[in-house]
Amino acid sequence: MQATPDEVLIGRIANGDRLAMQVLFARHHVRVFRFVVRLVRNETTAEDLISEVFLDVWRQAGRFEGRSAVTTWLLSIARFKALSALRRRPDEELDEETAGAIEDPSDDPEVALEKKDKSAIIRKCLTGLSAEHREIIDLVYYHEKSVEEVAEIVGIPENTVKTRMFYARKKLAELLKAAGIERGWP
Amino acid sequence: MNVLNKEQERFDVEALLPWHAAGTLSRRDADRVEQALASDRELQRRYALVREEFAETIHLNESLGAPSPRAMEKLFAAIDAEEARAPRRRASFDLTGRLSEFISGFAPRTLAWSAAAAALAILVQAAVITTVVVKDPNGPAAIGLANKPSDGSFAMVRFAAQATAADITNFLGAHKASMVEGPKPGGLYKVKLTDSKLPADEVGKIIKQMQEESKIVSFIAVVQ
């Protein structure tokens, strides 16, 4: 038995079907939450934002034209909400979090290196990337979005998507090098 | 291809490696990357780095956990509030949409088998109907349709919404009636009450009896 396609659920939601809304929420809310929490770095804020994302879906389902995947649409809304929330956040709070997020990864990784845990270091360095670089890496690797879909979600040309991904990976390599992992690239 | 072009091609292919690892390239681009990987050991090494990042990004995201039920509660509270303020106008029952949705749930192979089965069923049905019409002198009347609708006494009937097909069949059988036309506008059916034309008072008696079965008949009137 195949699951009801997302596009069909959106059609039902446009007609006010709450059950379809529950199904769509159950299907996608965890991934949308993870995308948002990686951007805003605050679980409570991310929870509030995903409620707002799906409320927008409830309101705008009738306008969904199906030209892109429903998940692409969801992530576009989520990104817009997350960036708006970041803009509203007081500067001092942002600075604290940013500082926490981009702390020199050479502290913990050194300990981790002793344990020979390369995976943990890579993950630590992934969290140390800027929001722009985290976002593109997550969209490509975790949310499995194509070049075209990333371009649509982020609102940049396809060539810029490829370039931004290249620089995100380059920055990751630099962080890894600083943490003692030389990969021989770039 | 000169050296400059080769370098550019390698750079272009390398830019696609993250999407190749995620399996989100078009067939054409995926083939292009595969071809380049097959003959370039340095590219293979870089692809291994991409796959490492890919795996750790998934690991990192999966460790982020999930939102609490509060997110869903907040969403549906907001939806309830919106609906209370301005109820959304629901579209009428969309049979075509439901049918499309039902069909879209099948795999292409299933659809192909269903179409073949449906075609066979139509052929068998046609054969059975032909046999009945040819062999049975009463023709379609035997299965509920009158053969000469112009003779006899008639009524227009609208069946109750809750009446099932079996109820209607039993009802017609009990009154020795048969359906000759319909549905017409308003959900009305023309029903043949008797084969010969009866006086008005006798037709009135039959109509009254039928009217008493209100679970099946919601409206009935004599047709002259």
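Look above for the structure.
Computed from a predicted model, the values in this text were never measured in an experiment.

Rules behind the numbers
- Residues numbered from 1 in each chain as written.
- Chains lettered and ligands numbered in written order.
- Predicted model: local features only at pLDDT ≥ 70, side-chain atom pairs only at ≥ 80, totals over all residues.
- Heavy atoms only, no water.
- Contact = heavy atoms within 4.5 Å.
- Buried area = accessible area lost by both parts, 1.4 Å probe.
- Salt bridge = Lys/Arg side-chain N within 4 Å of Asp/Glu carboxyl O.
- Helix = DSSP H or I, 4+ residues; strand = E, 2+ residues; numbered from the N terminus.
- Nonpolar A, V, L, I, M, F, W, Y, C, P; charged D, E, K, R; others polar.
- Buried < 20%, exposed > 50% of the residue type's maximum accessible area, 1.4 Å probe, protein only.
- Expected span 1.5 Å × (residues − 1).
- Pairing = 2+ DSSP bridges.
- Phe/Tyr/Trp six-rings, centres within 6.5 Å; stacked < 30°, edge-to-face > 60°.
- 1 Å grid on protein atoms, 1.4 Å probe; cavity = no way out; pocket = protein on both sides within 12 Å on 5 of 7 lines; lining within 4 Å.
- Points joined across faces, edges and corners; volume = space filled by probe spheres on them.
- Axes fitted to C-alpha atoms, helices over the stretch in contact; angles between N-to-C directions.

Contacts between chain B and chain A engage 45 residues on the former and 53 residues on the latter. Together chain B and chain A conceal approximately 4800 Å² of surface at their shared face, both sides included; 58% is due to carbon and sulfur atoms. Glutamate 52 of chain B is the salt-bridge partner of arginine 183 of chain A, the closest N and O atoms lying 3.3 Å from each other. At the level of elements, helix H1 (3–22), helix H3 (41–62), helix H4 (70–85) and helix H5 (95–104) of chain B are the ones that each hand at least two residues to the side of chain B that touches chain A. The biggest single contributor to the side of chain B that touches chain A is H3 of chain B, with 14 residues. Residue composition of the side of chain B that touches chain A, grouped by class: 22 nonpolar, eight polar and 15 charged.

Right, let's talk about helix H1 (residues 6–14) of chain A for a bit. All of the buried residues along H1 of chain A are Asp6, Val8, Leu9, Ile10 and Ile13 of chain A. Backbone geometry just after H1 of chain A places glycine 16 of chain A at a positive phi near 85°.

Per the stated rule, a full pass over the model turns up 32 salt bridges over all chains. With its nearest N and O atoms 3.7 Å apart, the salt bridge here joins lysine 177 of chain A to glutamate 182 of chain A.

Moving on: helix H8 (residues 131–142) of chain A. Residue and element names in this part refer to chain A. With twelve residues, H8 ought to run about 16 Å at 1.5 Å a step, and its terminal C-alpha atoms sit 15 Å apart, in line with that. Of the residues making up H8, those classed as buried are His133, Arg134, Glu135, Ile136, Ile137, Asp138, Leu139, Val140, Tyr141 and Tyr142. Glutamate 144 occupies a position one or two residues after H8 and carries a positive phi of about 55°.

With that out of the way, let us pick up the pairing of strand E3 (residues 188–194) of chain B. Residue and element names in this part refer to chain B. Most of E3 is tucked away, with six of its seven residues classed as buried. Note: strand E1 (residues 153–159) against E3, six bridges, orientation antiparallel. When the bridges of E3 are listed, methionine 156 appears paired with lysine 190.

By the definition in use, this model includes eight aromatic pairs over all chains. Judged by centre distance (5.6 Å) and plane angle (55°), the rings of phenylalanine 159 of chain B and tyrosine 189 of chain B are tilted. Placement of phenylalanine 159 of chain B in strand E1 and of tyrosine 189 of chain B in strand E3 is noted, with a sequence separation of 30 residues between them. In this structure tyrosine 189 of chain B comes out as partly exposed when scored by relative accessible area, which is 22%. By the ring-pair criterion, three or more aromatic residues cluster together here, those being Phe166, Tyr167 and Trp185 of chain A together with Phe11 of chain B.

Here the structure, examined in full by the defined rule, presents one cavity of 30 Å³ or more. Broken down by secondary-structure element, the contributors of at least two residues to the lining of the largest cavity are helix H10 (158–178) of chain A together with H1 of chain B. Tallied by class, the residues present in the lining of the largest cavity amount to five nonpolar, no polar and three charged.

Residue and element names in this part refer to chain B. With antiparallel pairing, the four strands of this open sheet are ordered in space as E2-E3-E1-E4. Looking at the sheet topology across the chains shown, the edges are occupied by strand E2 (178–184) and strand E4 (217–223). If you compare each strand with its neighbour and ignore which way they point, the axes differ by 25° on average. Pairing of E1 with E4 involves six bridges; the strand directions are antiparallel. Bridge pairing in E4 links phenylalanine 159 to valine 217. Along the sheet face, helix H8 (residues 200–211) touches E1, E3 and E4 and points at about 170° away from the line of E4.

Here we come to the packing of H1 of chain A against helix H4 (residues 70–88) of chain A. Close contact between H1 of chain A and H4 of chain A brings their axes to 9 Å; oriented N to C, the two are set at 60°. Every residue of H4 of chain A that contacts H1 of chain A at Asp6, Glu7 and Ile10 of chain A is listed here: Val70, Thr71 and Trp73 of chain A.

This brings us to the environment of isoleucine 50 of chain A. Along the chain, isoleucine 50 of chain A falls in helix H3 (residues 43–60). Classification of isoleucine 50 of chain A as buried rests on a relative accessible area of 0%. For isoleucine 50 of chain A and arginine 34 of chain A, which are 16 residues apart along the polypeptide, the C-alpha to C-alpha distance reads 9.8 Å. Not counting chain neighbours up to four residues away, the residues in contact with isoleucine 50 of chain A comprise Phe25, His29, Val32, Phe33 and Val36 of chain A together with Pro67 and Ala71 of chain B.

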